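One-letter residues, chain by chain:
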Amino acid sequence: MFKMISKFKRLSSLPAALCMVAYLATALIGCKGLSTAATTLVDVGVILDMDTYTGKMGSTCIDMAMEDFYSAHGNYNSRLVLHKLDSKTDSIEAASAAIELLKYYQVKAIIGPQKTRQADFVAGIANRSQVPTISFSATGSSLTRVETPYFVRMAQVDSNQLQAVAAIAKAHNWRQITLVYEGTTYGNGIVSYLGEAMAEVNVRIAHRCSITPLMTDDQILKEMYKMMTMQTRVFLVHMLASLASRVFLKAKEAGMMSKGYAWIVTDGIASTFSDMDPRVVNSMQGVLGVKSYLPPSEELTQFASRFEERFQQGNSTFQGFQLNDYGVWAYDTISTLAMAIERVGDGDLWFKRPAVPGNSSDIESVGVFEQGPEILQFILRTNFAGLSGQVNLETGELPMSPFQIVNMVGNDTEVIGFWSKDNGITTDLPATGPESESEILQKVVWPGNTTQVPKGWQIPTNENRLRVGVPVKAGFSEFINVQRNPRTKAPQVTGYCADVFEAVIKNLPYAVLCDYIPYETYEGSDESAGSYDDLIQGLPKDTYDVVVGDITIRANRTQYADFSLPYTESGVTMIVPVRFNDGKMAWIFLKPLTMELWLMIGAFFVYIGLVIWVIEHRVNKAFRGPRRKQIGMIFWFSFSTLVFAHKEKVLSNLSKFVVIVWVFAVLVLTSSYTANLTSMLTVRQLQPTITDVNDIINSKEDLIGYQNSSFVLDLLRSLNVSDSKMVVLNTREDYDNALSRGSKNGGVSAIMDEIPYLRLVLANNCSKYEFVGPIYKTAGFGFAFPIGSPLVSDVSRVIVNLTEQNKTDAIRKFWLGDDLYCSSSANNDVSSNSLTLDSFKGLFLIAGITTTSALCIFLYNFLMENTHVLNSDAAMKQKIETLMKIFNEKKEDIPDSTNKKAKEEEAAPEKPEVQLANFDDIPRGFIIKDTSSPSTIRLSIQEEGVSTTGEGRASSSSSGPGTPYQGLNIDQGR
């Protein structure tokens, strides 16, 4: 008693008096008739959904187990004190109840919660606080010992029963099933295990249908209709009974509880057959169930009788409910937990609370149960004969045991056989001898109140066949074509669209048979009953199940139909005739380069010539002279590099560097020009006659064609094309003839239509027509279904798969030609092939930087040489004039070859005068050359082909007879 009082002193968040009263009352109830002088009271929490039958049943069985156990074990030193909280069928409420039990009652173990998704929350809290948690109804396979070591299952895990389900499928030779499961933790956990079990018996899961508790009845019904369109007729349902009730009501409403269908339910539903509403029971007639098997015993029979009496006393609203597996497991849970706690001993059971601040969360303030691991080990070592049979929790759950196979017939279930791991399906347990599994199951009453075993698949019904509406049209039969069988008069549909649809139907995960219904005025008339829009509007009237043809997905049509994904190229554009481009051939030499590039090249020629002139003007005689000569030299020198014809030598190193870079740039430009011009001259030049729809609008003579019954008419009107300029065409031949004649000869100048049609026209006329103008976007061809049809998603998925596998492309090539992407689809205008400035930006950048750098270096050196001018006190205008004058003067310190020779002569030593008496005294090898000066003669030395010229002055000293001069004074010329 003092221990109890000390506990409540620690519960500061609850009124101590109320807690004391509640605690004492619970203790007295749990220990009724027993002495408590030396008894240790152990708090245990119970979390159940108290408003459900399973919750009320479990609570009643737990109370009865408490009374029975301690009546039989009066010598125990420990007593369980139960604290029950309602989780209200909610996971968060279950977690909140667990925290409340741990924080305020410091429970040493938790019984429950009831559902797998609740246990997922509670088990995490229990792991943190080391408090063992035992559930007798959370059978979901998602909870494992690895992730939740403190969670123990007093039940069989759901995955155990899947081998029994697989055995049923194998016995009936079913090759595929559809899984209908609850889209929660409880249902999701079974998916992977089911795949493994079915693979062992060569059964395929054809479809998985997830149903969540939040789905409306209409949404569930839609899923039923979707499964109804599939080939599989065997359904495995794994979900809680509350959701299963809704599913079976809608399945019956959809007509899926009739002959030919087979339904199998797992233990979560089969164990509650007798507890369901009569309407639900009526909708589940013929359902097979797999149910846990409890070995019969006298104790179990007596307990079931006592339970019914006890349960009705406190639950008058639940009439006719029977004890099931969960109640028996709840009963054995008390025995397991009571024995484990007794083995711990008389020591004090306590929590180690962490030092946490006052504002910490509830979960942080719970602490850790020190004796939790020890109690858990005793629970796992449990091995006793309980009400449910032999209880062994070594693996954290009950071991696999046999299952009953039950059949819902009338208001109750009938046991038609058993399944065990060792013997498979048998009539009795233990098995009395070898029996055929199929013979055992022959006594099953299937849906539709028939004993005929469903074959497992069936052609989807909606009058058993899919009604396919197809348009009737006069032209473009390559897309869709309706003909009549000469003998049966039945419609035969061919064409690209029909073949794509057939390929899709063959690749659906279920069998579909189709009846093609032509959209014609009357059967066999071969005349269309209306436009494509009229055909689509027949879908809501239940005239067709699908419309197949060259149907374009349009916004206005989605009001009446749901479309699959498109399977063709999309867009609307024009084709026009092309003509040979003679007019531009005379100037084709200008076409290899764009105007922008031509201007840039010209600008660089002028710039390069100007820079070279600036650098060479002071030092190079070739760049000096009259103004006209200098201007001519600027243009001549730079443009002559285009053909590498420049003869003028450059003296400055800066000029040489600029010329080298520019010659390289010219080489690249000329090579590119030559290559592009050659390409243009070898390709035939074609030019479209019309370039845009605006040409049609602005022209007085040009007409434009469009296909009959096409939405393109509305598009042309929206582009302000007059009706008087539009011509209706029907066939591919009409397109070719109209374009060939032209508007002046009763044809058209252009045709606007969807790209698939135009590509078909171009397939054999690549040299005659080409695409022009913009492409007006459309969604392409698709298959039209009634709004809400379950086939849309499956058909779209198959279209994507066929497209990725290039199967639709193979069909297109067969019907529409192998090469539809003609060269005419590209713009043949030569201007599109001209080289642009963008291709040579880097080249011009290098040349520009090089030239500008050389110019800057020259100007810098020039200014440095004339700093005396810059530093003078003269006005700026005078300084500039002085610098210009200096720039225009020839620079002597960098001589040309003539200046260099003159300076060498000036530097030579002075020669002595030579006295010659007459011309006969002239040394051999000298030649007399006349000069303009009378007193000066020029002597030239000639030796071995080399002549040297000098000047001399003659002076008369004496003259002999017969000679003009008596003596010569010759100075060696300098």
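Everything numeric here is computed off the predicted structure, so don't read it as measured data. (Residues numbered from 1 in each chain as written. Predicted model: local features only at pLDDT ≥ 70, side-chain atom pairs only at ≥ 80, totals over all residues. Heavy atoms only, no water.)

## With respect to the overall build of the protein chain
- Looking only at helices and strands, the protein chain has 32 helices and 35 strands in total.
- Classification of the 974 residues of the protein chain by burial places 49% in the buried group.
- Split by element, the accessible area of the protein chain, about 47200 Å² in all, is 53% carbon and sulfur. (Helix = DSSP H or I, 4+ residues; strand = E, 2+ residues; numbered from the N terminus. Buried < 20%, exposed > 50% of the residue type's maximum accessible area, 1.4 Å probe, protein only. Areas by Shrake-Rupley, 256 points an atom, 1.4 Å probe, with all protein chains shown as cover.)

## What about the nonpolar core?
- By size, the foremost hydrophobic cluster in this structure holds 73 residues, and its most contacted members are Val44, Ile62, Leu80, Phe136, Phe307 and Leu337.
- Looking at this core element by element, the count peaks at 12 residues for helix H14 (residues 325–344).
- With sequence-adjacent residues up to four places away left out, Leu337 is seen in contact with Val44, Leu80, Ala109, Ile111, Ile134 and Ile379.
- One finds Ile480, Cys497, Val500 and Ile575 within the second-largest nonpolar core, a separate group that totals 48 residues. (Core = buried A, V, L, I, M, F, W, Y, C linked by side-chain atoms within 4.5 Å. Contact = heavy atoms within 4.5 Å.)

## Brief notes about the pattern of salt bridges
- Considering all chains together, one arrives at 23 salt bridges under this definition.
- Between Asp550 and Lys473 there is a salt bridge, with its nearest N and O atoms 2.5 Å apart. Of this pair, Asp550 sits in the loop between strand S22 (546–547) and strand S23 (562–563) while Lys473 sits in the loop between strand S18 (466–471) and strand S19 (481–484), placing them 77 residues apart in sequence.
- Given a relative accessible area of 2%, Asp550 falls into the buried group. (Salt bridge = Lys/Arg side-chain N within 4 Å of Asp/Glu carboxyl O.)

## Focus: the environment of Lys777
- Take Lys777: it is sitting in the loop between strand S29 (769–776) and strand S30 (784–785).
- Lys777 gets classed as exposed once you look at its relative accessible area, which sits at 70%.
- As for Lys777 and Gly571, which are separated by 206 residues in sequence, their C-alpha atoms are 4.4 Å apart.

## Considering the sheet that holds strand S5 (residues 151–153)
- Strand order in the open sheet formed by five strands is S2-S1-S3-S4-S5, with parallel pairing between adjacent strands. The strands lining the two open edges of the sheet, one partner per strand, are strand S2 (78–86) and S5. Put simply, the sheet's adjacent strands are angled 25° from each other on average, direction ignored.
- Pairing between strand S3 (residues 109–111) and strand S4 (residues 133–135): two bridges, direction parallel. Looking across to S4, one finds that Ile111 is bridged to Ile134.
- Contacts from helix H5 (residues 116–129) reach S3, S4 and S5, with the element oriented near 130° to S5. (Pairing = 2+ DSSP bridges. Axes fitted to C-alpha atoms, helices over the stretch in contact; angles between N-to-C directions.)

## Considering helix H8 (residues 191–200)
- Those residues of H8 that fall on the buried side of the exposure criterion are Val191, Leu194, Ala197 and Met198. Viewed end-on, H8 has its buried residues packed into an arc of 125°, placing them on one side of the element. Of the exposed residues in H8, those oriented more than 90 degrees away from the buried face are Glu196, Ala199 and Glu200.
- Where H8 is buried, its residues meet helix H6 (162–171), strand S6 (176–182), helix H7 (185–188), strand S7 (204–211) and strand S8 (234–238).
- Looking one or two residues past H8, Asn202 carries a phi angle of roughly 60°, positive in sign. (Arc of directions from axis to C-beta.)

## Structural notes on the sheet that holds strand S9 (residues 262–265)
- The strand order S7-S6-S8-S9-S10-S15-S16-S17 describes an open sheet built from eight strands, whose pairing is mixed. Of all the strands in the sheet, the pair left with one neighbour each is S7 and strand S17 (424–426). When the angles between neighbouring strand axes are averaged without regard to direction, this sheet yields 30°.
- For S6 and S8, the ladder comprises four bridges, and the chain directions are parallel. Each residue of the ladder has a partner; that of Tyr181, found in S8, is His238.

## Observations concerning the side chain of Glu182
- Here Glu182 lies in strand S6.
- For Glu182, a relative accessible area of 1% translates into the label buried.
- At 3.3 Å, the side chain of Glu182 and the side chain of Arg117 are in polar contact.
- Leave out the neighbours within four places in its chain, and Glu182 touches Arg117, Gly187, Asn188, Ile211, Pro213, His238, Met239, Leu240 and Leu243. (Polar contact = N/O pair within 3.5 Å; in protein donor to acceptor, adjacent residues only side chain to side chain.)

## Things to note about the pairing of strand S20 (residues 491–494)
- With four bridges joining them, S19 and S20 adopt antiparallel strand pairing. Directly across from Asn481, in S20, lies its bridge partner Thr494.
- Counting the residues between successive antiparallel strands, the hairpin from S19 to S20 contains six residues, one of them, Lys489, with a positive phi of roughly 65°.

## Points about the packing of aromatic side chains
- Taken as a whole and judged by the stated rule, the model has 30 aromatic pairs.
- Between the aromatic rings of Trp174 and Trp446, the centroid separation amounts to 5.9 Å while the plane-to-plane angle is 75°, which identifies the pairing as edge-to-face. Here the residue Trp174 occupies a position in the loop between H6 and S6, and Trp446 occupies one in the loop between helix H17 (437–440) and S18, the gap between them amounting to 272 residues. In terms of burial, Trp174 and Trp446 fall into one category: buried.
- Aromatic rings pair up to connect Phe476, Phe479, Tyr496, Phe501, Tyr516, Tyr567, Tyr735, Tyr757, Phe781 and Phe783 into one cluster.
- The ring of Phe378 has Arg381 sitting right over it, with the charged end atom 5.5 Å from the ring centre. (Phe/Tyr/Trp six-rings, centres within 6.5 Å; stacked < 30°, edge-to-face > 60°. Lys NZ or Arg CZ within 6 Å of the ring centre and 35° of its normal.)

## Quick notes on the packing of helix H18 (residues 496–506) against helix H28 (residues 807–816)
- At a minimum axis distance of 9 Å, the contact between H18 and H28 shows a crossing angle of 155°. Classified by the angle between their axes, H18 and H28 sit roughly antiparallel to one another. Note on packing geometry: the crossing formed by H18 with H28 is right-handed. Residue-level inspection shows Tyr496, Asp499, Val500 and Ala503 of H18 in contact with H28, the latter providing Thr808, Ile811, Arg812, Trp815 and Leu816.
- Looking at the contact of H18 with H28 residue by residue, the classes come out as six nonpolar, one polar and two charged. (Parallel < 35°, antiparallel > 145°, perpendicular 65-115°, else oblique. Left-handed = near helix turned anticlockwise from the far one by under 90°. Nonpolar A, V, L, I, M, F, W, Y, C, P; charged D, E, K, R; others polar.)

## Some thoughts on helix H4 (residues 91–105)
- End to end, H4 covers 21 Å across 15 residues, agreeing with the expected 21 Å (1.5 Å per residue, within 8%).
- For H4, the set of buried residues is Ser91, Ala94, Ala95, Ala97, Ala98, Ile99, Leu101, Leu102, Lys103 and Tyr104.
- Once H4 finishes, Gln106 follows within two positions and takes phi at roughly 45°, a positive value. (Expected span 1.5 Å × (residues − 1).)

## A look at the pairing of strand S1 (residues 40–48)
- Buried residues dominate S1, accounting for eight of its nine residues.
- Direction of pairing for S1 relative to S2: parallel, over a ladder of nine bridges. Looking at S2, one finds that Gly45 is bridged to His83.
- Each parallel crossover has a hand, and the one from S1 via helix H3 (residues 53–72) to S2 is right-handed.
- By the bridge criterion, three bridges tie S1 to S3 in an arrangement that is parallel. Directly across from Val46, in S3, lies its bridge partner Ile111. (Right-handed = clockwise from strand over helix to strand, strands pointing away.)

## Some words on empty space enclosed by the protein
- What the rule picks out here adds up to three cavities of 30 Å³ or more.
- Its volume calculated, the second largest cavity comes out at about 40 Å³.
- Considering the residues around the second largest cavity, the lining is formed by Thr139, Gln156, Val157, Asp158, Gln161, Asp267, Ser292, Trp329 and Phe403.
- Partitioning the lining of the second largest cavity into residue classes produces three nonpolar, four polar and two charged. (1 Å grid on protein atoms, 1.4 Å probe; cavity = no way out; pocket = protein on both sides within 12 Å on 5 of 7 lines; lining within 4 Å. Points joined across faces, edges and corners; volume = space filled by probe spheres on them.)

## A look at the confidence of the model for the protein chain
- A residue-level look at the protein chain finds 81% of positions with pLDDT of 70 or above and a mean pLDDT of 81.
- Across residues 1–37 the pLDDT falls below 50, and counting only partners more than four positions away or on other chains, this stretch makes 31 contacts in the model.
- Here residues 823–832 is modelled with pLDDT under 50, and outside its nearest four sequence neighbours on either side it reaches 19 contacts, counting other chains as well. (pLDDT = per-residue confidence, 0-100.)

## Focus: the side chain of Glu754
- You can see Glu754 is positioned in strand S28 (residues 750–754).
- Here Glu754 is buried and forms no salt bridge, its nearest opposite-charge partner Arg557 lying at an N-O distance of 6.9 Å.
- If sequence neighbours within four positions are ignored, Glu754 has contacts with Thr552, Gly571, Val572, Phe711, Thr778 and Phe781. (Lys, Arg positive; Asp, Glu negative; His and termini not counted.)

## Section: the environment of Arg208
- Mapped onto the elements of the fold, Arg208 is located in strand S7.
- Overall, Arg208 belongs to the partly exposed group, its relative accessible area being 45%.
- In this structure, the C-alpha to C-alpha distance between Arg208 and Phe235, residues 27 residues apart in sequence, is 9.7 Å.

## Quick notes on the environment of Met256
- Along the polypeptide, Met256 turns up in the loop between helix H10 (241–253) and S9.
- Leave out the neighbours within four places in its chain, and Met256 touches Met224, Met227, Met228, Phe235, Ala251, Tyr261 and Trp263.

## Side note on unusual backbone geometry
- Looking along the chain, the bond that leaves Gly112 and enters Pro113 is cis, with omega of -5°.
- Locating Pro113 in the fold gives a position in the loop between S3 and H5.
- Its identity as a non-glycine residue notwithstanding, Gln130 has a phi of 60°, on the positive side.
- Tracing the backbone through its elements, the reader meets Gln130 in the loop between H5 and S4.

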